[in-house]
Amino acid sequence: MGIFSALMGNAGEINASEAQSEFGHILGEDEVCELAYKLIRDLVVLTNRRLILIDKQGLTGKKVEYRSVPYKAITNFSIETAGSLDLDAELKIWVSGLPQPFSKQFNKNANIYTLQALLAKKVAG
């Protein structure tokens, strides 16, 4: 992920096994990271059981919020692909009980179709 994309707030894909080792302490028994995206210090992790939004806070990033969203709580989602002038892709996820969707920006190098396919499989399954 390039520094320009990071500064613009766009997430880029990272190795799922790297996320597995870094966040293994918050994963349940037999829970496996399948996809992971990094946004400067924050992360979006899709496991075989849930979506985890990781928000590192403060100057040092030692304070961390882990928001866990079970796939069954996702009512719908949308993706918007990157274009010629609009260089980012966007994911919106609506969760049961929340009025506004979660929205995340991804750089054009992130394979948004892989993310969409995994979400479709998890939400519909």
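Here is a short report on the structure shown in this document. Since we're looking at a predicted model, the values are computed, not measured.

### Some thoughts on the packing of aromatic side chains
Applying the stated rule across the entire model yields 1 aromatic pair. Arranged with centres 6.4 Å apart and planes meeting at 75 degrees, the rings of Phe-23 and Tyr-66 form a pair that is edge-to-face. Of this pair, Phe-23 sits in helix 2 (residues 16–23) while Tyr-66 sits in strand 5 (residues 63–70), placing them 43 residues apart in sequence. For Phe-23, a relative accessible area of 4% corresponds to the buried category. Here Tyr-66 falls in the partly exposed class, since its relative accessible area comes to 36%.

### Quick look at the sheet that holds strand 3 (residues 42–47)
The pairing of strands in a sheet comes from backbone hydrogen bonds and takes either a parallel or an antiparallel form. Here we have 5 strands laid out as an open sheet, ordered 1-2-3-4-5, and antiparallel in their pairing. Of all strands in the sheet, those with a lone pairing partner are strand 1 (12–14) and strand 5, marking the two edges. Within the sheet, the average angular offset between the axes of one strand and its neighbour, ignoring direction, is 25 degrees. Lying on the sheet, helix 2 is in contact with strand 1, strand 2 (33–39), strand 3, strand 4 (50–57) and strand 5; it crosses strand 2 at an angle near 85 degrees. Contacts between helix 3 (residues 112–124) and the sheet are confined to strand 2 and strand 3, with strand 2 contributing the most and set at about 130 degrees to the helix.

### Regarding unusual backbone geometry
Of note in this structure, Asp-30 is not a glycine but carries a positive phi near 65 degrees. Overall, the relative accessible area of 59% leaves Asp-30 in the exposed class.

### Remarks on the pattern of salt bridges
If you walk through the whole model with that rule in mind, you get 4 salt bridges. Notably, a salt bridge pairs Lys-56 with Glu-22, separated by 3.4 Å at the nearest N-O pair. Placement of the pair is Lys-56 in strand 4 and Glu-22 in helix 2, with a sequence separation of 34 residues. Of the residues examined, Lys-56 reaches a relative accessible area of 22% and is grouped as partly exposed. Between Glu-65 and Arg-67 there is a salt bridge, and its shortest N-O distance comes to 3.6 Å. Glu-65 gets classed as partly exposed once you look at its relative accessible area, which sits at 34%. Using a relative accessible area of 34% as the deciding quantity, one classes Arg-67 as partly exposed.

Reading the values: the criteria
- Residues numbered from 1 in each chain as written.
- Predicted model: local features only at pLDDT ≥ 70, side-chain atom pairs only at ≥ 80, totals over all residues.
- Heavy atoms only, no water.
- Phe/Tyr/Trp six-rings, centres within 6.5 Å; stacked < 30°, edge-to-face > 60°.
- Helix = DSSP H or I, 4+ residues; strand = E, 2+ residues; numbered from the N terminus.
- Buried < 20%, exposed > 50% of the residue type's maximum accessible area, 1.4 Å probe, protein only.
- Pairing = 2+ DSSP bridges.
- Axes fitted to C-alpha atoms, helices over the stretch in contact; angles between N-to-C directions.
- Contact = heavy atoms within 4.5 Å.
- Salt bridge = Lys/Arg side-chain N within 4 Å of Asp/Glu carboxyl O.

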